[in-house]
Amino acid sequence: MRIDIITVLPELMESFMQHSIVKRAQDKGLAEIKLHSLRDYANDKYKTIDDYQYGGGAGMVMMIEPIAKCINQLKSERQYDEIIYMTPDGEPLEQKTLNMLSTYNNIIILAGHYKGVDQRVRDIFVTKEISIGDYVLSGGELPAAVLCDGIVRLIPGVLGDETSALTDSFQDDLLAPPVYTRPEDYQGYKVPDVLLSGNHKAIAEWRHQQAEEKTRKWKSKFKK
Ligand code: ADE
């Protein structure tokens, strides 16, 4: 899978791409992530990529021309399954969207900045708008990194243990059950006996029951 990220802060994203599961996926040849610095597509010698809003108001707006130039260049090289704009007013990100996106061949992620992009970018080029939560960050770079991580770890072969993405929270609409490792007893806080029993059926049943219980409590607390 190839992911092209368009950003005004490529340096911010660079270290993430070089130190995470995303790096491992690239090293294994399972994902190719390309960062594009929007300023490289600016029209003038000052590398301007934003301007004042028509109609007045605080905050700069990202201009259509540099974005269009970058997207058109990429589209001339390959076909894209989706052109995604990261924005707080987009579709709230859920696991099922990540599952779907991880099956695609090529996507573009556009990270917004300032007051956002000229509406015509959204009207003409963007095919999907995604929010990572009901709060506003100062740019789309961290949301783009979140999206990238969430997608890439689902590509078969990226995670060491093939089944581990399938047992994540939110796959099956169930949260993952509690997990424990050594020591068996930490200052009197003990690992549940069933996990030490070696009885695989009893362990599977316990995990399922814990997952259901945790999900029920979580829903009643956070999903109104
Ligand atoms: N850009 C700024 N805030 C954002 C959010 N919550 N989700 C996606 N993109 C954003």
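Rules of the game
Residues numbered from 1 in each chain as written. Predicted model: local features only at pLDDT ≥ 70, side-chain atom pairs only at ≥ 80, totals over all residues. Heavy atoms only, no water. 1 Å grid on protein atoms, 1.4 Å probe; cavity = no way out; pocket = protein on both sides within 12 Å on 5 of 7 lines; lining within 4 Å. Points joined across faces, edges and corners; volume = space filled by probe spheres on them. Helix = DSSP H or I, 4+ residues; strand = E, 2+ residues; numbered from the N terminus. Nonpolar A, V, L, I, M, F, W, Y, C, P; charged D, E, K, R; others polar. Domains from an automatic or database assignment. Contact = heavy atoms within 4.5 Å. Near = heavy atom within 4 Å. Polar contact = N/O pair within 3.5 Å; in protein donor to acceptor, adjacent residues only side chain to side chain. Areas by Shrake-Rupley, 256 points an atom, 1.4 Å probe, with all protein chains shown as cover. Sits in = over half its atoms within 2 Å of the grid points. Expected span 1.5 Å × (residues − 1). Buried < 20%, exposed > 50% of the residue type's maximum accessible area, 1.4 Å probe, protein only.

Right, let's talk about the layout of surface pockets for a bit. Each pocket or cavity is described by its volume, and for the largest pocket that value is around 510 Å³. Taken together, 17 residues line the largest pocket, and the ones lying closest to its centre are Glu94, Gln95, Phe170, Trp218 and Lys223. Contributions of two or more residues to the lining of the largest pocket are made by α4 (95–101) and α8 (200–222). The class makeup of the residues in the lining of the largest pocket is 8 nonpolar, 4 polar and 5 charged. The residue makeup of the lining of the largest pocket includes at least three contributed by each of domain 1 (2–152) and domain 2 (174–222). Space inside the second largest pocket adds up to approximately 340 Å³. For the second largest pocket, the lining is made up of 22 residues, of which Met86, Thr87, Pro88, Val136 and Leu137 are closest to its centre.

Right, let's get into the side chain of Gln171. Among the structural elements, Gln171 can be located in the loop between α6 (141–152) and β8 (185–186). Not counting residues within four places of it along the chain, the set of residues in contact with Gln171 comprises Gln95, Asn99, Leu154, Ala165 and Leu166.

All right, on to the site of the ligand then. All residues adjacent to the ligand are Met86, Thr87, Pro88, Ile130, Ser131, Ile132, Gly133, Tyr135, Val136, Leu137, Gly139 and Pro143. Tyr135 places a main-chain nitrogen or oxygen 2.8 Å from a nitrogen atom of the ligand. Here a nitrogen atom of the ligand sits 3.0 Å away from a polar atom, N or O, in the main chain of Leu137. Across the complex, the protein chains shield 96% of the 260 Å² of accessible surface that the ligand would expose by itself. When atoms are counted within 2 Å of each cavity's grid points, the one that captures over half of the ligand is the second largest pocket. Grouping the constituent residues of the shell around the ligand by class yields 8 nonpolar, 4 polar and no charged.

Bringing α8 into the picture now. For α8, spanning 23 residues, the distance from its first C-alpha to its last is 32 Å, which sits close to the expected 33 Å at 1.5 Å a residue. Residues of α8 that are buried: Ile203, Trp206, Ala211 and Thr215. Of the residues that open α8, the one with a side-chain oxygen 3.2 Å from the backbone nitrogen of Lys201 is Asn199.

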